[in-house]
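Secondary and tertiary structure notes
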Amino acid sequence: MTECNLLKKNDFDLARNCRECVNILPLQPNPIIQGSANSQICIIGQAPGLAAHNSSLAWNDASGDRLRTWLGMNKATFYDENIVAILPMGFCYPGKSSSGDLPPIKKCAEIWHQRLLSSFTPKITLLIGQYAQNYYLNDKLGVTNRVRNWQDYLPEYIVLPHPSPRNNIWLKKNTWFEESVLPEVKTIIQDNT
């Protein structure tokens, strides 16, 4: 392994062992990220849910199943760090609120994102949901308008709503997303893997 690749691998290892938020997390820190110097696609979402925390595997729930369907990826491809990097806005499970999980803890992106993103060059980055989009995009459009105008963010980003079952109402109101956006997104993903 070259010195450069070793440094990049060490960055991911350091992030996986981060304990910055140990005093504010509801459970022991368990940073759930994936990636390598060879990752072709980067997925930036919100934060791992409890199922992901318990299994130490990102997107290991109904949201992940839907996301993989949206992208036309099987689990083997999705969890291959040489193909897909996963950098949530918060690396650890943030805890429950009355209406779902708490927002991701902001420190993760502030401390780690730039450092980790400088260690590989994805062909495309997916910004999933409001937290990732608000952090990376310099607009005030909101998720629906961003997704409606998703091609405006190419070639750097693909913007998607969060695939959570909690978004079923959004999906029913916005049938154009599954009818016209997802087929094109699948083609872009297939062309970049």
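Residues numbered from 1 in each chain as written. Predicted model: local features only at pLDDT ≥ 70, side-chain atom pairs only at ≥ 80, totals over all residues. Heavy atoms only, no water.

1. Some details on the nonpolar core
Under the convention used in this document: What makes a nonpolar core is a set of buried Ala, Val, Leu, Ile, Met, Phe, Trp, Tyr and Cys residues whose side-chain atoms join them at distances within 4.5 Å. Each residue gets one of three labels from its accessible area relative to the maximum for its type: buried under 20%, exposed over 50%, partly exposed in between, using a 1.4 Å probe on protein chains only. In this description, contact between two residues means that some pair of their heavy atoms is separated by no more than 4.5 Å.
With 53 residues, the main nonpolar core has Ile43, Leu71, Leu126, Leu160 and Phe177 as its most contacted residues. If we ignore the near neighbours within four places in the chain, the residues touching leucine 71 are Ile43, Phe78, Leu126, Leu160, Val185, Lys186 and Ile189.

2. Topic: the layout of surface pockets
Applied cut-off: Only protein atoms enter the calculation, which uses a 1 Å grid: trapped sets of points that fit a 1.4 Å probe without letting it out are cavities, open sets showing protein on both sides within 12 Å along at least five of seven lines are pockets, and any residue with an atom within 4 Å of a point is a lining residue. Grid points are joined across faces, edges and corners, and a volume is the space filled by probe spheres set on the points. Think of it this way: any DSSP run of H or I at least four residues long counts as a helix, any run of E at least two long counts as a strand, and we number them from the N terminus. When residues are sorted by character, Ala, Val, Leu, Ile, Met, Phe, Trp, Tyr, Cys and Pro go into the nonpolar class, Asp, Glu, Lys and Arg into the charged class, and all the rest, Gly among them, into the polar class.
For the largest pocket, the calculated volume is near 790 Å³. Every residue lining the largest pocket is counted, 33 residues in all, and those nearest its centre are Gln46, Ser63, His162, Ser164 and Arg166. Those elements giving two or more residues to the lining of the largest pocket turn out to be helix H2 (50–55), helix H3 (62–71), strand E4 (100–101) and helix H6 (129–136). A class-by-class count of the residues in the lining of the largest pocket yields 18 nonpolar, eleven polar and four charged.

3. Comments concerning empty space enclosed by the protein
Scanning the entire structure with this criterion turns up one cavity of 30 Å³ or more. Taken as a whole, the largest cavity spans an internal volume of roughly 90 Å³. Its residues assigned to classes, the lining of the largest cavity comprises nine nonpolar, one polar and two charged.

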